[in-house]
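# Residue-level structure breakdown
Below, each chain spelled out in residue letters.
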Amino acid sequence: MCAKMHRRKRVWHKVRRRTPPGTVPGTIHVDPSAPRPTIEVLAYDKERIVEERIENLDRLETLLGQWPVLWVNVVGLGDAATIARLGKIFGLHPLALEDVVNVHQRAKLEEYRDHLFLVARRVGLAERLETEQFSIFLGKNFVVVFQERPGDCFDPVRQRIRMDRGIVRAQGPDYLAYALLDAVIDSYFPVLEEYSEQMELLDEAVADHKPAETVGRIHELRTELLGLRRAIWPHRELVNALVRDPHPLVCDATRVYLRDCFDHTVQIIDMVETYREMCADLTDYAMMTAGNRLNEIMKVLTIIATIFIPLSFIVGLYGMNFRPESSPWNMPELQWYWGYPYALGLMAAVAAGLLAYFWHKGWIGASLRGTGGGRDRGE
């Protein structure tokens, strides 16, 4: 079986909130094991573009007032002081910063006085399904993105900005926020394609009479699809809120593109639901195949036992210890010259007759190869 279908160890996802109960709202408690933040800046307008890595946060304050669109990408959430300083520079709400470091948030949209806070969840496949929180702040002339670890799905957006492809350089920060959100949502499609291939392999394995090797993997796959559904489902309300509710930071032209993003979200949700139903069908198919296989085995064993019942009767009959010399009725054929060949021939004739009867009724032959039906041929 393909390596893609290897048995995976189930991992239970545990939510650990870093903020202790009763802590002042807006307190930033980071994960000690999280990587320290690295800050990358991409600023642009119609004619110019600047891309650099920031070591001194004072540089951000200078860039913030010089460019119509400033994209700040923060990779790593392991330094509370850096995150708090970024929040001060861009005027980010403390409650939103608290949600940034508590990375178990569901996708959502929160409106503040002068900025929007979006949470999106990206998915990926390694040994198991993994999700990562992306926190996106949209302001008047900036977009700040916080992500948990290096590696994202924004390279196509960066290339469009660098090469001046499409209309992104001619639009404002709201269009950039849309492009980033659309990239996160579109990252679900490759994962769904991978699951589709795995289901095809599982279907072939079930058809090859290997249900014992596949039922467990089907269950794991359905569990992962449930996690995928939980990740994508809140994005529907997130994007719908951006489309439906007017906000000065999101222009009408961008809402047209957000409607397309909403369509992608609905499409992904429909695909996830379809795949979960297909997993249920695969489970039923595997169990049915195993049951049919067992029935075929039991049929063969039953036919063998049925044939040997009259043969056992004949052997038992001639194994009785009656003395022929005591009475002419005490099995005179035991003294017959051809008695032994006669007994063997009788048993062979009985077995052949039973086989011919079973074949005539359609119980053996074509039915065992799947070409016959359950109806008797004599009906």
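These numbers were taken from a predicted model, which means no experiment stands behind them.

Our focus in this paragraph is the overall build of the protein chain. Each helix and strand counted, the protein chain has nine helices and seven strands in total. Residue pairs at least 24 apart in sequence account for 66% of intrachain contacts in the protein chain once pairs closer than 6 positions are excluded. When the accessible surface of the protein chain is summed, it comes to about 20,800 Å², and 57% of that surface belongs to carbon and sulfur atoms.

Looking now at the nonpolar core. One finds Trp71, Phe154, Leu176, Leu180, Leu181 and Leu228 to be the most contacted residues of the largest nonpolar core, which totals 56 residues. When near neighbours in sequence (up to four residues on either side) are disregarded, leucine 176 contacts Tyr44, Val69, Trp71, Val143, Val157 and Ile161. Counting 30 residues, the second-largest nonpolar core is a separate cluster that includes Leu77, Phe117, Val119 and Phe137.

A separate point is the pairing of strand β5 (residues 116–125). Across the 10 residues of β5, seven count as buried, placing the element largely inside the fold. Two elements, strand β4 (residues 108–111) and β5, share four bridges in a ladder whose sense is antiparallel. Among the inter-strand pairings, glutamate 111 is bridged to a residue of β5, identified as leucine 116. As consecutive antiparallel partners, β4 and β5 are separated by four residues. Bridge count for β5 against strand β6 (residues 129–138) is 10 bridges, and the pairing is antiparallel. Bridge pairing in β6 places valine 123 opposite threonine 131. Linking β5 to β6, which pair antiparallel, is a turn of three residues.

What follows is about helix α5 (residues 173–186). With 14 residues, α5 ought to run about 20 Å at 1.5 Å a step, and its terminal C-alpha atoms sit 20 Å apart, in line with that. Counting buried residues along α5, 13 of its 14 residues qualify, which places the element largely inside the surrounding structure.

Here we take up the pairing of strand β1 (residues 38–44). Within β1, five of the seven residues are buried, which leaves the element mostly enclosed by the surrounding structure. Pairing geometry for β1 and strand β3 (residues 69–75), over seven bridges, is antiparallel. Each bridged residue has a counterpart across the sheet, and for isoleucine 39 the counterpart in β3 is valine 74. Pairing analysis gives six bridges linking β1 to strand β2 (residues 49–54), with the strands arranged antiparallel. Among the inter-strand pairings, leucine 42 is bridged to a residue of β2, identified as glutamate 51. Hairpin remark: β1 followed by β2, antiparallel, with four residues in the connecting loop.

Conventions we followed
Residues numbered from 1 in each chain as written. Predicted model: local features only at pLDDT ≥ 70, side-chain atom pairs only at ≥ 80, totals over all residues. Heavy atoms only, no water. Helix = DSSP H or I, 4+ residues; strand = E, 2+ residues; numbered from the N terminus. Contact = heavy atoms within 4.5 Å. Areas by Shrake-Rupley, 256 points an atom, 1.4 Å probe, with all protein chains shown as cover. Core = buried A, V, L, I, M, F, W, Y, C linked by side-chain atoms within 4.5 Å. Buried < 20%, exposed > 50% of the residue type's maximum accessible area, 1.4 Å probe, protein only. Pairing = 2+ DSSP bridges. Expected span 1.5 Å × (residues − 1).

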